[in-house]
Amino acid sequence: MSRIGVFVCHCGTNIGGIVNVPEVVEAAKAMPLVAYADENKYTCSEVGQGSIRDAIREQKLDRVVVAACSPRMHENTFRKTVATAGLNPYLLEIANLREHCSWVHSDSKKATAKAIDHVRMAVAKVARHESLFPKQVGLTKRALVIGGGITGIQAALDIASAGHEVVLVEKEPSVGGRMSQLDKTFPTLDCSACILTPKMVDVAQHPNITLLSYSEVKEVRGFVGNFEVDILKKAKMVDHKTCTGCGTCWQKCPEKVTSEFDLGLGQRTAIYIPFAQAVPNKPVIDMENCRYQKYLKWTQTEEGKKPPECRICEKLCPTKSIAWEQQEEIVTEKFGALVVATGFKTFDHSVYGEYGAGRYPDVISSLQLERLMSAAGPTEGEVLRPSDNTHPKNIVFIQCVGSRDDKVGRPYCSKVCCMYTAKHAIMLKEHDPEVQCYVFYIDIRAGGKDFEEFARRAQDESGAVYLRGRVSQIYQDGKTLKVLGEDSLIGRPVEIDADLVVLATGMEASEDADRLAQTLHISYNIYNFLIEAHPKLRPVETQTDGVFVAGAAVGPRDIPDCVAHGSAAAAKVIGLLSQDSLTTDPLTAIVAPMKCVGCFACKAVCPFNAIEEQTTRDGRIIASVNESLCKGCGLCVVACRPGAINLRGFTNQQLLSEVMTLVRR
Amino acid sequence: MSEDNSPLVIGFLCNWCSYAGADMAGTSRQAYPPNIRIMRVPCSGRVDPLLIVKCFEEGADAVLVAGCHPGDCHYTEGNYHGRRRFALLRDLLDFMGIEKERFRIEWISASEGKRFAKVVSEFTDEMTKLGPRKVG
Amino acid sequence: MGEDFTQQIRDKAKELLENGAVECVIGYETGSDGVSARPAFIYDAAEVDRLAFDNTCTHNLVKYLLDKKGKSTAVVVKGCDSRALNLLLSERQIQRDKVYVIGVVCPGVVEWGWNKRSEQLQKRCNWCRQHTPVVSDFAVGEPITEEPPAEFADVAEMATKTAEDRATFWRDQAERCIRCYACRQACPGCYCIDCFVELLDPEWVGIRIAPDENWMWNTIRAYHLGGRCISCNECERVCPVNIPLSLLNRKLEQEVLDLFDYKAGMSEDAPAPLITFKKDENLGIAE
Amino acid sequence: MTKILGKTGLESWLHNIMQERALVAPKHVGDLILFDPVQSVDEVVFDYENTNLSPKEFFFPRTDTLFTTKSQDNDVELIPTIIDQETVIFGIRPCDARGIAMLDGPYLDDPADSLWAQHRNKTTMIGLSCTKPAPQCFCTSVGSAPNDSSSVDIMLTEVDDGYAVEAVTEKGERLLQGVELKESDVTLSAPSCDTSVPAEGIVETVKKVFDSPYWSRLADRCIHCNVCAYVCPTCYCFDIRDRTDKGKIERIRTWESCQSKGFTRIAGGHDPRADKGSRLRQRFCHKLLYFPQQFGPLSCVGCGRCVVSCPVNIDIREIISDLQELGAKVG
Amino acid sequence: MVESDHSSKVGARTYSYYPGCSLHGTAAEYDISTQLVCQKLGIELRELEEWVCCGASAAHSTDHLLSLALPAHTLKQAEEKGLPLAVPCAMCFSRLRTTIHEIKNKDTLNLVNSAIGKELGEPVAVESMLQMLADESISLPVTKPLNGLKVACYYGCLLARPPEVVGIDDAENPQTMERLLVRLGAEAIDWGLKTTCCGAGVAFPRLDIVLKLSHRLLSLAQKSGADCVAVACPMCHANLDMYQKDMIAKFGQKTKLPVIYFTQLMGLALGFSPKELLLDKHLTDPLPMLREKELA
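Chemist: What am I meant to see in the overall build of chain A here?
Modeler: For chain A, the helix and strand inventory stands at 18 helices and 34 strands. Summarising its shape, the C-alpha atoms of chain A cover approximately 90 × 70 × 45 Å along the three principal directions. Across the 665 residues that make up chain A, the buried fraction comes to 59%. A separation of at least 24 residues holds for 69% of the contacts in chain A among residues at least 6 apart in sequence. For chain A, the accessible surface area stands at approximately 26500 Å², while carbon and sulfur atoms represent 52% of it. Separation between the mean location of the 77 positive side-chain charges and that of the 79 negative ones in chain A comes to 5 Å.

Next comes the structure, spelled out in structure tokens:
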């Protein structure tokens, strides 16, 4: 006869405010096998946990039900509590009286009845719990960081400096991410390249870090401590072992193509490094635009004009590093932990018809302005109007383009635009004292350290005119851009003849972040930002053990937060990899050999190939579970008609007793 | 049927998405009728048709199974299998006399707290209108 | 039809037994009423003359292969029974090399009972679109080309009733069920060591032979046959209280055809619908 | 002098019985004929060979509650089931009646089964002798006859202008009070029935052929369903398990059969009768050896239901003659 | 009035025609040019017998139900005729389309039905004349291409907004009229204020605003090199055409910019004379410019 202890929590007034806790305790006492029932103000507090431990000892309890908040919050906490009192941590069940009861129902009588039912179900389930013992599983002490922006770089450096091997995978030919496209950084106006490039070099030279640029993660298998990742290394057509990065090839390459790095404002060659300080500082060949590749394709189809055979880079390369026969290659590597730092991309403002839908060349995005202001940019730092390369005098900034706007499906605030617009206003005034900046804004959000002061400086020292209101239309009137807006503080329409309009475009999740999330089995929200395990308490972890997320891939974030996030994720990985072995989750499937008829429906449905074939003494071939691969989803249990396979922690008996106690109450 | 003959709805929620969605409904205080009793399962693929038929055999008025949106499953394929099982089961139950509307399947993600509250409210109202089970 | 088929079967059985290809030939023989057929197990070549084939040979003999695991056995199968071979092969219950299949092209079986025999075809033979065995090592009779696909009139007729009428109809059937499990024991698809209905823990179905428990038993038995039932209709024939189990099986057969475009037992390696899936299929739920 | 009750007289008599007692009679249910409580006389079927299921169900129901519990402040009181409903079974065939009477042996031996006892004395059996026995009937071969009235309370025999009435027990007589019967001198003919089943000395034969391979060969085609046991008037095995619902606990007894897998499974999983042959042999040994040794008569009344209902035609008459043949050879 | 034959034969392109009050009044030249162009293109216009005011006047700001009930009458007639409804005037077009949009709501539908005393069924397709004539599948037998004519297409507000009701190709930068005129040989200039308000709505109380907005429009069109402005709405035409004298007085605009209906330009291209197209009826006379371009 087991003795079950039920501990009902007030959670301050969160539960006690609606649910009549004493009534629940009384009802619990009357339930079968319940030997002890009590209530606590805060069961998760030290006092609360102490009362559980004492009750276990004094009342000789062998099973515990905690009726409090969601098991997703404190199941582990209470498992540790009962473990310290000498009880197997899995002889515990949590009844959700807060998120699923008191917080969503106002009728106290019905909420209490529901609470009692939830406790009754928990008691019925815990009565069928058995002691479970986690197993130790080997661990690959290697980490994979996906995304070579500042967040990924920071995470990789921290993990590597803790002595673990790191592979950093970057989709572009060079690491650096969005930050490498910036000119200055707020609020300190540090030059972005000056603070980023050293870290990029560190990443390239760090003995523990293997940098796989121009590569993408294709598939991820396995589980925490034992991930197996297929990485696609795209064909560079250049042998980076022999290439010294002397630059002859990209200086002589005849094919000029618009540069993605410069966001269409500048050009690059077919064989190129995206920007001067690129790391690795060795080029890749753009297969679409390389003249020789076009020539090769032409030879197969023989249509249209015969393109030149070119191969100039091959002729001029001092180290003969051009390797036309190079193929893309998939390498499969084992890792213990994964960090996703895939960063963000800026909002495509061409959806705004009222701002010219991308037709007016002098209406540019803020990142394009960064390129114009950058010394390594297409105009070597001279801010010129893309239409006629003249110096703009009146510059209009429009805030919240693709942020805080339901019409384009981006209701969230991108957090950093107010700050970089203030930076732009300050820097532009420094570049050219005659510049007059106007900023159309809804609210200025400058919530970081020294941020508000920085934003004030843009208005007080740099003379930027901040107009609270939205711009209704921009149209080209001869050489100038007419900006029709409104200053809602004085309630008057405003019209500005602008030489240059800069749209403060918001932040979005990077390209096909959803596909990567699905590969990693982590969830993402409707904007494709990755969902962290808990927004407040576990910001860099995810639902999947061993997969961590950091930086702007999780949500709009500025550089200081991204770096902090990168280090936080690294700390989590270091914590994980510092253990010699991992304790697996014991909630795995188990086969009853006498009942299995060997139809292997379980093997057909198991997503993790965790079902193996085993021959019994009397020659029958039956199923058996590889517990290190089994993730405890339970698909096999439902597929098994004779009920030969069961799932620890959610056994058929436990779930059935929950239903039976509910319907036969 | 509970005492005041408002319908008894039994909910099987997958731990990674729908149960978290229900938690989200809680944290954002999205009220919904208290008829539902929620059971946590690792995945919608763990919900056994035997359990669902047992609920109806024992007189439950309605069963809700909620899992991750196809493609989002924490175990990659759980809801795909679940979808097939429930599609077949729902037709069989309908054929046996349990109205199709009494067995509802929804894909609710971890961030759709409001939608969870809406689904439960709609479902409970629908069941109240449908009235008690006439046979068995 | 009978005389020629019977002789061919006898000759083949004699040949197989004499050259030791099989230890036992499972066929049909005339029953104690001298009118209807019953399964026959011939171990000795001399007894092949007991074998007979006529239009009362209804039993699905494939079920007996489950008792002959590992022993090479010959079995007489009609069109519908042969699909059970594919089912058991795909679920790894029998080995193809241990089974010698005598496939008889079946012109249809008549309504019969003990000491009763009518000339009217069984209703399942009117629906049948599988007169020619899908698997056979030795064919008896000319293959028949099939007419257009079966329509499910009986299922459609049931579907026109209101939910309450359907519930009452099945409750009456459940009232009569005496849980003798003949339907399970006759079905080639039911080979679990411990059937869910007899499990004590978890006790899915209570011990009482009462309408509620019987309703659950019939529902889950039908569900477990979803996408697996090869509609040999033995379950309905053996039921002592005449519960229309074919209605349930054919409803699921139709649903499986509509939803997954799958027909049970047609090939050895096609995975059953409920243990596979297609990512982007739209099954009309929760969309 | 035989007393006659006209058809209309019989119907009105049955109508009166129905007023204070539950009347069970053969009734059309779908295309079956089953013993079932009837609400009006016109539901009763008079001309039939025999019902598909035996009437044992009204003495040994398929599901029965032995007792329920009532608990206050943690002591538990057991409340046995009391049957106060008076029942009359009309149209029971002599073989079935004899089957019921035969089960008094196992059920009423000390310690008597209270439920069976209550059913027996609360139920009156109005027998209907068989005018034309069915091909599967062989009651005369096992010590009974189409007009054997030894186990019924009242025996009716159909004659031209009604039914000859014979009150066998005083329970029968009490039931017949107030029913005017006509005198008639018509003589009742004794219909013949299959007497070819060599049941004589079968008990000894079964003992001799217990280890013969005949049993496993016979069991080849048996699919081990429970049909034969559940339709048989003399099978009386059951299973017991507790059930809780809304706080009330009841001990349930239901039909069970020696053919089910696990019927003889013992703790630890061993099953002495795991193979098919031994389970099938158990059925016929119980009927033709163990029961006669313990209670006298063969535990088969020759109703032929198992012969008709068995999906694979395992025919007890064929088996008895095979066994006699085998027995003779063994010597 | 141009007689349109009411032959019962329904040609490939047969429309019910809803001219609206302006086209029977001040915008007669839009009506005539439309009828002529349609005749030439083999499009049969059958004017509804008892069409009523479309409610575009002050009605829709004072009585919302009235502004729906009036167009509902016309929709009912068009429904009975069973032909798609062609509507040249942007204001009528906007009212009819808004009504169809609003009666999707059951309660509004019941209110309107009770107001007009009839049951509105499934509404017929309502197309503006611009959308109908700009259809690429209509072959244009151009006899006198408008070579050298630079046209600024002006849509105004009602043809462009709200996009989900009027179904224009792009609410900010529509190209329907440009594509049509280019097929006629003209050159459509790219300018930013095609769908900006001309102020006509407040013409009486605040004429100063009208002059400011219209002047901004016309001066940008002129600066962008337009020889004339093409419009598809009587209100735009009246407002831009009527006050050019005041604009010159107030803002010193150099030369006048003729404002022409796009159907008149189509008429010219299809060979009709300016006289037939009533091109001499405009306050800002377009004929000198057209003669200079050898189009008149």
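Chemist: Is there a simple way to explain the state of the cysteines in this structure?
Modeler: Here, the word disulfide means a covalent bond between the sulfur atoms of two cysteines. Residue and element names in this part refer to chain A. All chains considered together, the criterion is met by one disulfide over all chains. The closest cysteine sulfur to the non-disulfide-bonded Cys640 is located on Cys599, 6.4 Å from its own sulfur. Residue Cys640 is classed as buried on the basis of its relative accessible area, which comes to 16%.

Chemist: Hey, could you run me through the sheet that holds strand S11 (residues 215-223) of chain A in this one?
Modeler: Through backbone hydrogen bonds, the strands of a sheet pair up, either in parallel or in antiparallel fashion. Residues and elements named next belong to chain A. The strand order across the open sheet formed by three strands is S11-S12-S17, and the pairing between neighbours is antiparallel. The two strands at the open ends of the sheet, each matched to only one other strand, are S11 and strand S17 (329-335). Recorded for the sheet is a direction-independent mean angle of 20° between the axes of neighbouring strands. Direction of pairing for S11 relative to strand S12 (residues 226-233): antiparallel, over a ladder of eight bridges. Counted as the bridge partner of Ser215 is Lys233 from S12.

Chemist: How do you make sense of the domain arrangement of chain A when you look at a structure like this?
Modeler: A common way to express how large an interface is: the accessible area buried when the components associate. As far as domains go, chain A holds domain 1 (4-126), domain 2 (136-234 + 328-343 + 510-581), domain 3 (237-323), domain 4 (348-507) and domain 5 (589-648). Computed over C-alpha atoms only, the centres of domain 1 of chain A and domain 2 of chain A are separated by 39 Å.

Chemist: It is not clear to me how the pairing of strand S6 (residues 116-121) of chain C should be interpreted in this structure. Could you clarify?
Modeler: Consecutive side chains along a regular strand alternate between the two faces of the sheet. All names here are of chain C. Little of S6 is tucked away, with zero of its six residues classed as buried. Sheet topology places strand S5 (residues 110-113) next to S6; three bridges connect them, and they run antiparallel. Looking at the pairing, Gly113 lines up with Lys116 of S6. As consecutive antiparallel partners, S5 and S6 are separated by two residues, and within that stretch Asn115 has a phi angle of approximately 65°, a positive value.

Chemist: Looking at this structure, I do not really get the interface of chain E and chain A. What am I missing?
Modeler: If you look at the interface, chain E gives nine residues, while chain A gives 10 residues. Approximately 860 Å² of surface area, both sides summed, lies buried where chain E meets chain A, with 44% of it carried by carbon and sulfur atoms. One salt bridge in this structure joins E:Lys223 and A:Asp477, with 2.9 Å as the shortest N-O distance. The residue makeup of the side of chain E that touches chain A, split by class, is two nonpolar, three polar and four charged.

Chemist: Teacher, can you tell me more about the interface of chain B and chain A here?
Modeler: Listed as interface residues are 48 residues of chain B and, on the opposing side, 48 residues of chain A. Between chain B and chain A lies a buried interface of about 4300 Å² when both sides are counted; carbon and sulfur atoms form 62% of it. Looking only at chain B, the three residues that lose the most surface to chain A are B:Arg37, B:Arg40 and B:Arg46, adding up to 17% of its buried area. Here chain B is connected to chain A by four salt bridges. Joining chain B to chain A, the criterion identifies 16 residue pairs in polar contact (both at pLDDT 80 or more). Among the elements of the structure, strand S1 (9-14), helix H1 (18-27), strand S2 (36-41), helix H2 (49-57) and helix H3 (78-96) of chain B are those that each provide at least two residues to the side of chain B that touches chain A.

Chemist: Explain helix H9 (residues 245-260) of chain C to me, please; I cannot follow it from the model alone.
Modeler: Because an α-helix packs 3.6 residues into every turn, residues spaced three or four apart end up facing the same way. All names here are of chain C. Between its first and last C-alpha, H9 extends 22 Å over 16 residues, near the 22 Å set by a 1.5 Å rise per residue. Across the 16 residues that make up H9, a large majority, 12, are buried. Taken together, the buried positions of H9 are occupied by Leu245, Ser246, Leu247, Leu248, Asn249, Arg250, Lys251, Leu252, Glu253, Glu255, Val256 and Phe260. Immediately downstream of H9, the backbone of Asp261 shows phi near 50°, a positive value.

Chemist: How should I be thinking about the sheet that holds strand S26 (residues 492-498) of chain A in this particular structure?
Modeler: Sheet architecture is open: three strands sit in the order S24-S25-S26 (chain A), paired in antiparallel fashion. Strand pairing shows two members of the sheet lacking a second neighbour, strand S24 (473-477) and S26 of chain A, which therefore form its edges. With strand direction ignored, the average angle separating the axes of adjacent strands in the sheet is 25°. The pairing of S24(A) with strand S25 (residues 480-487) of chain A spans five bridges and is antiparallel. Following the sheet pairing, A:Gln476 is matched in S25(A) by A:Leu481. Across the sheet, helix H10 (residues 207-223) of chain E is in contact with S24, S25 and S26 of chain A; its angle to S24(A) comes to roughly 40°.

Chemist: Explain the packing of aromatic side chains to me, please; I cannot follow it from the model alone.
Modeler: Describing an aromatic ring pair means giving the distance of the ring centres and the angle of the ring planes. Scanning all chains against the criterion turns up 38 aromatic pairs over all chains. A centroid spacing of 4.8 Å and a plane angle of 10° characterise the contact between B:Tyr80 and C:Phe277, whose relative ring orientation is stacked. Within this pair, whereas B:Tyr80 is found in helix H3, its partner C:Phe277 is found in the segment after H9, the two belonging to separate chains. As far as the burial class goes, B:Tyr80 and C:Phe277 line up, both buried. On the numbers, 5.9 Å between centres and 90° between planes, the contact of B:Phe86 with B:Phe103 is edge-to-face. With a gap of 17 residues between them, B:Phe86 in helix H3 and B:Phe103 in strand S4 (residues 103-107) connect regions that are remote in the sequence. As far as burial versus exposure is concerned, B:Phe86 and B:Phe103 are alike and both buried. An aromatic cluster of at least three residues, connected via ring pairs, comprises D:Phe59, D:Phe60, D:Tyr107, D:Trp116, D:Tyr230, D:Tyr236, D:Phe238, D:Trp255, D:Phe291 and D:Phe295. The ring centre of C:Phe169 lies 4.6 Å from the NZ or CZ of C:Lys161, which sits over that ring. In this structure, C:Arg250 packs its charged tip against the face of C:Trp127, placed 3.6 Å from the ring centre.

Chemist: Explanation requested: H10(E) in the structure shown.
Modeler: For H10(E), with 17 residues, the first-to-last C-alpha span of 24 Å sits near the 24 Å given by 1.5 Å per residue. Count one or two residues on from H10(E) and you reach E:Gly225, which has phi positive near 90°.

Chemist: So what exactly am I meant to see when it comes to the arrangement of the chains here?
Modeler: Across the six pairs of chains that are in contact, the largest number of contacts falls between chains A and B. As for chain E relative to chain C, no contact occurs, and the smallest C-alpha gap between them is 25 Å. There is a gap between chain D and chain E: no contact, and a shortest C-alpha distance of 49 Å.

Chemist: Any chance you could explain the nonpolar core here in plain terms?
Modeler: Buried together is how nonpolar side chains tend to be arranged in soluble globular proteins. Within the largest apolar cluster, 218 residues are counted, with the highest numbers of intra-cluster contacts made by A:Ile645, B:Phe12, B:Ile52, B:Phe103 and C:Trp215. Ranked by residues supplied to this core, first place goes to H3(B) with eight residues. With near-sequence residues (within four places) excluded, B:Phe12 lies in contact with A:Val659, B:Met39, B:Val41, B:Val47, B:Leu51, B:Ile52, B:Cys55, B:Val63, B:Leu64, B:Val65 and B:Ala66. Grouped together as the second largest cluster of nonpolar side chains are 124 residues, A:Tyr352, E:Ala72, E:Leu217 and E:Val229 included.

Chemist: Would you explain the side chain of C:Lys12 in this entry?
Modeler: Residues and elements named next belong to chain C. Structurally, Lys12 is set in helix H1 (residues 2-18). Since its relative accessible area comes to 11%, Lys12 is described here as buried. Looking at Lys12, its side chain comes within polar contact range of the side chain of Tyr100, at 3.3 Å. For Lys12, the residues in contact, after removing those within four places along its chain, are Tyr100, Ile102 and Phe138.

Chemist: Honestly, unusual backbone geometry in this entry has me stumped. Any pointers?
Modeler: Glycine aside, the phi torsion of most residues is negative, and most peptide linkages are trans. All names here are of chain A. Residues Phe186 and Pro187 are joined by a peptide bond in cis, for which omega reads -15°. With respect to the secondary-structure elements, Pro187 resides in the loop between strand S8 (184-185) and strand S9 (190-191). Positive phi, normally seen in glycine, also occurs at Asp450, with a value near 60°. With respect to the helices and strands, the residue Asp450 is situated in the loop between strand S22 (436-441) and helix H13 (451-460). On the basis of relative accessibility, which here comes to 43%, the residue Asp450 falls in the partly exposed class.

Cut-offs used in this document
Residues numbered from 1 in each chain as written. Chains lettered and ligands numbered in written order. Predicted model: local features only at pLDDT ≥ 70, side-chain atom pairs only at ≥ 80, totals over all residues. Heavy atoms only, no water. Helix = DSSP H or I, 4+ residues; strand = E, 2+ residues; numbered from the N terminus. Buried < 20%, exposed > 50% of the residue type's maximum accessible area, 1.4 Å probe, protein only. Contact = heavy atoms within 4.5 Å. Areas by Shrake-Rupley, 256 points an atom, 1.4 Å probe, with all protein chains shown as cover. Lys, Arg positive; Asp, Glu negative; His and termini not counted. Charge placed at Lys NZ, Arg CZ, Asp CG, Glu CD. Disulfide = S-S within 2.5 Å. Pairing = 2+ DSSP bridges. Axes fitted to C-alpha atoms, helices over the stretch in contact; angles between N-to-C directions. Domains from an automatic or database assignment. Buried area = accessible area lost by both parts, 1.4 Å probe. Salt bridge = Lys/Arg side-chain N within 4 Å of Asp/Glu carboxyl O. Nonpolar A, V, L, I, M, F, W, Y, C, P; charged D, E, K, R; others polar. Polar contact = N/O pair within 3.5 Å; in protein donor to acceptor, adjacent residues only side chain to side chain. Expected span 1.5 Å × (residues − 1). Phe/Tyr/Trp six-rings, centres within 6.5 Å; stacked < 30°, edge-to-face > 60°. Lys NZ or Arg CZ within 6 Å of the ring centre and 35° of its normal. Core = buried A, V, L, I, M, F, W, Y, C linked by side-chain atoms within 4.5 Å.

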